[in-house]
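# Residue-level structure breakdown
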Amino acid sequence: MRDLGLGYVTIDACVNDCVLFWKENENLDTCPTCNAPRWKLGFGKRKKVAQKILRHFPLVPRLQRLFMSKDIGENMRWHKEKCVDDDTIRHPADATEWKDFDQKYAWFGKDARNVRLGLASDGFNPFGNMSTSYSMWPVIVTPYNLPPWKCMKENFLMLSLLIPGKESPGNNIDVYLRPLIDELKELWETGVTTYDAYSGKNFQLHAALLWTINDFPAYGMLSGWSTKGKLACPVCNKWTCSLTLKNGVKQCYMGHRRYLHAQHSWRKSRKFDGKPEHGSKPEELSGDEVLRQLDLLPKSLVFGKTPNQKKRARGPEELNWTKRSIFFELPYWKTLKLRHNLDVMHIEKNICENILGTLMNIDGKSKDNIKARMDLEAMGIRKELHLQQKGNKFFMPLACYTLPKPERRKFCEWLQSIRLPDGYASNLSRCVSVQDCKVMGMKSHDYHIFLQRLLPASICGSLRSEVYTALSELSSFFKELCSKTLKRSTVKKLQSDIILIICKLEMIYPPSFFVVMMHLAIHLPREVELGGPVHYRWMYFIERFLRTLKNYVRNLARPEGSIAEAYITKECLNFCSLYFHGVETIYNRVERNNFPVQIGVENGFSIFSNNARPLGATEYKTLSHSDFEKLQWYVLNNCEDVDEYLKIHIEELQKESVIDVQKDTRQDLPVGSRSVLDAYVLLVWLQQQIIYMRWD
């Protein structure tokens, strides 16, 4: 496979992450920075074994292989030849960043085959045992030229680097990114000669990195801006508005009234933090301004983490910068407006966890506690929530944003009884304890579903109107934000809406509720406008890919080697499968919900539902008459596909004088007169896979 170009390169690294033993350091036996030995000791005269090995999967041949297939070669032009240029954002090619890049570098945008790339990275533990401390960091590159139905799919994710554990590289990740950055510089400046099977000609292939995708801690590692402390927001930069709570001794990020227009009445109100707001909206820094800030960093900064190394204290002029990111070596990096993406997946998770923990008053998760009430008293706001004394004891009055104990129990019972469609979310009943009135153990996607779909329904009628309104508007905001297509006018509306929503929440919740994740939501519409829909720039796809890599581990003593060899083998099979016809491969695999399962009903009809079962497996279930009528009602009132048949059936009934023309033909249609629809329209509609049903 290596002779075919399907391989990887091993590069020795310093055990303290100082340098790579590569290029000018290739022949050294000790680290030039910390003098740590390159080789493991105790192997005698046997082959030398490096203490730490970086596995590099060259990017250039993998990009060239995309154009060796006619189908993929055609799809790599989709963004320019078939993408519709209108007011809708459905792909990163429709967003501002992509279009501005083509204007600044017209020579690059002229050829549709030049590749736009995204870089994603995150750490994971390759072992199933959480008690084992291990952090391995793959660096994944994905092309954005592909159409929406292929972009971000696993078979187009390219593993570029596999950074070994046991510890996270932290800011020293730049040391390991060096081989990839050198490749990207070559692809930008000179390019590589590539054969295009679709046109049958050679061309000079160039590539550019548009942005990185990562969670918030990894954001700090890749960008060089520390995501902790008073200036935690990398977008607001030095204008981040934060407050150190006197009793909670934590940072809270409020002050969102400064995003409102200068004459807004809320700016004068003292309900927020006890003071009026006269500040202005933070400025948006250009790449040149960021570089001027980075020039203030000490020139003597070196990478590595030796055992006795002391943490360096940053000066006030350095702000929250910890290093000059290696990405600024790319000639075009400073011209980009969206260099690093805020991860919507983790922002949703943290916001929903805050809301749910405070709503249910869960110990350790609620942001409303004694210290939070003392901070309210210190700020002189919301006197009805201050601690009240009775005798020698203090007690906390029940807040409007927390459910009483009986309502909490009803909430848990309701959540436990929910049955969601197959594959829509996990089994939420496993996360609910009705006896303890707790909701624990939900995954990131569960929080995504709960925040956008279930939250408004769960609190309706249980909270005060202003609390319900603010939370339901927040739910609608994220639901609209995560749409696959958005109008530009919708994005502008979302930008104005989120400011008002967070201001409403500031008047309801205590300051401890407003962690940095709550603040970051205000920047998400801007990133949609610049980078396109969020599902091209969030962590769900990389989390699924990490799960795939984790399954590759067979030799627990050599997890990185196991993953590298298994990845290369699968990559070879995927590449060869492009030339197989009439055989099921990863490129033409049938969706998992494609196996017919027969389901019977009492009146003799049989309908078919798509269920995830082995081919040939059959499950038979008898529906009650009431359940079947409910199913009929739902289809007749929600399916547009039956309108044509329903119209014909109504005309026949009118001729027979069964129904009145003036009546609502859909709502008042007699059940007994729908036998034709029962036997024909309903069954055909279900067979056409318009909805999926699962019978437990």
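Secondary structure assignment for the chain yields 21 helices and 21 strands. Taken across its 696 residues, the chain has 51% of its residues classed as buried. Across the chain, the fraction of contacts at a sequence separation of at least 24, relative to all contacts at a separation of at least 6, is 66%. Split by element, the accessible area of the chain, about 34300 Å² in all, is 51% carbon and sulfur.

Here 8 strands make up an open sheet; going across it, the order is β2-β1-β3-β7-β6-β5-β10-β13 and the pairing mixed. On the outer flanks of this sheet lie β2 (20-21) and β13 (340-341), each paired with one strand and no other. The pairing of strand β10 (residues 207-213) with β13 spans 2 bridges and is parallel. By the bridge assignment for β13, Thr212 is matched with His340. Packed onto the sheet, helix α18 (residues 559-577) meets β3 (53-56) and β7 (158-163) and runs at close to 165 degrees relative to β7.

So, about helix α7 (residues 216-223). By the criterion of burial, α7 is predominantly enclosed, with 7 of the 8 residues buried. Here α7 has its buried residues at Phe216, Ala218, Tyr219, Gly220, Met221, Leu222 and Ser223. Of the surrounding elements, those touching the buried residues of α7 are β5 (115-121), β6 (137-143), α6 (173-189), β10, β13 and α15 (516-520). A distance of 3.1 Å separates the backbone nitrogen of Ala218 from a side-chain oxygen at the start of α7, and that oxygen is part of Asp215.

Residues with a pLDDT of 70 or more make up 88% of the chain, whose mean pLDDT is 86. Throughout residues 684-696 the model reports pLDDT below 50, and contacts reaching past four residues in sequence, or to other chains, amount to 32 contacts.

We now examine the side chain of His448. Tracing the backbone through its elements, the reader meets His448 in helix α12 (residues 444-459). When residues no more than four places from it in sequence are discounted, the contact partners of His448 are Glu348, Cys482, Trp538 and Tyr540.

Our focus in this paragraph is the packing of helix α14 (residues 488-506) against helix α16 (residues 524-531). At a minimum axis separation of 8 Å, α14 and α16 run at an interaxial angle of 165 degrees. Taken as axis vectors, α14 and α16 run roughly antiparallel relative to one another. In this structure, the crossing between α14 and α16 has a hand that is left-handed. Across the interface between the two elements, Val491, Leu494, Gln495 and Ile498 from α14 touch Pro525, Arg526, Val528 and Glu529 from α16. When the residues that make up the contact of α14 with α16 are grouped by side-chain class, the tally is 5 nonpolar, 1 polar and 2 charged.

Quick look at the nonpolar core now. Formed by 178 residues in total, the largest nonpolar core has its most connected members in Leu63 and Phe478. Counting residues in hydrophobic clusters, the runner-up holds 6 residues, among them Cys14, Cys18, Val19 and Cys31.

Residues Gly165 and Lys166 are joined by a peptide bond in cis, for which omega reads 20 degrees. With respect to the helices and strands, the residue Lys166 is situated in the loop between β7 and α6. Backbone geometry at Met152 places phi at a positive 75 degrees, although glycine is not the residue there.

Going through the model one piece at a time under the given rule, you end up with 27 aromatic pairs. Judged by centre distance (5.2 Å) and plane angle (40 degrees), the rings of Tyr8 and Phe57 are tilted. Here the residue Tyr8 occupies a position in the segment before β1 (9-13), and Phe57 occupies one in the loop between β3 and α1 (59-66), the gap between them amounting to 49 residues. Since its relative accessible area comes to 0%, Phe57 is described here as buried. Ring geometry for Phe101 and Phe108: centres 5.5 Å apart, planes at 85 degrees, overall edge-to-face. Across this residue pair, the class does not change: Phe101 and Phe108 are buried. Taken together, the aromatic side chains of Phe101, Tyr105, Trp107, Phe108, Trp188 and Tyr332 make up a single cluster linked through ring pairs.

Time to look at the pattern of salt bridges. In the structure shown here, the tally under the stated rule is 32 salt bridges. Across the pair Asp182 and Lys23 runs a salt bridge whose closest N-O atoms are separated by 2.9 Å. Residue Asp182 is found in helix α6, and its partner Lys23 is found in the loop between β2 and β3; the two are separated by 159 residues along the sequence. Taking relative accessible area as the criterion, Lys23 reaches 48% and is therefore assigned partly exposed. By sharing partners, the salt bridges in this structure join Lys23, Arg178, Asp182, Lys185 and Glu329 into a single network.

Thresholds applied
Residues numbered from 1 in each chain as written. Predicted model: local features only at pLDDT ≥ 70, side-chain atom pairs only at ≥ 80, totals over all residues. Heavy atoms only, no water. Helix = DSSP H or I, 4+ residues; strand = E, 2+ residues; numbered from the N terminus. Buried < 20%, exposed > 50% of the residue type's maximum accessible area, 1.4 Å probe, protein only. Contact = heavy atoms within 4.5 Å. Areas by Shrake-Rupley, 256 points an atom, 1.4 Å probe, with all protein chains shown as cover. Pairing = 2+ DSSP bridges. Axes fitted to C-alpha atoms, helices over the stretch in contact; angles between N-to-C directions. Polar contact = N/O pair within 3.5 Å; in protein donor to acceptor, adjacent residues only side chain to side chain. pLDDT = per-residue confidence, 0-100. Parallel < 35°, antiparallel > 145°, perpendicular 65-115°, else oblique. Left-handed = near helix turned anticlockwise from the far one by under 90°. Nonpolar A, V, L, I, M, F, W, Y, C, P; charged D, E, K, R; others polar. Core = buried A, V, L, I, M, F, W, Y, C linked by side-chain atoms within 4.5 Å. Phe/Tyr/Trp six-rings, centres within 6.5 Å; stacked < 30°, edge-to-face > 60°. Salt bridge = Lys/Arg side-chain N within 4 Å of Asp/Glu carboxyl O.

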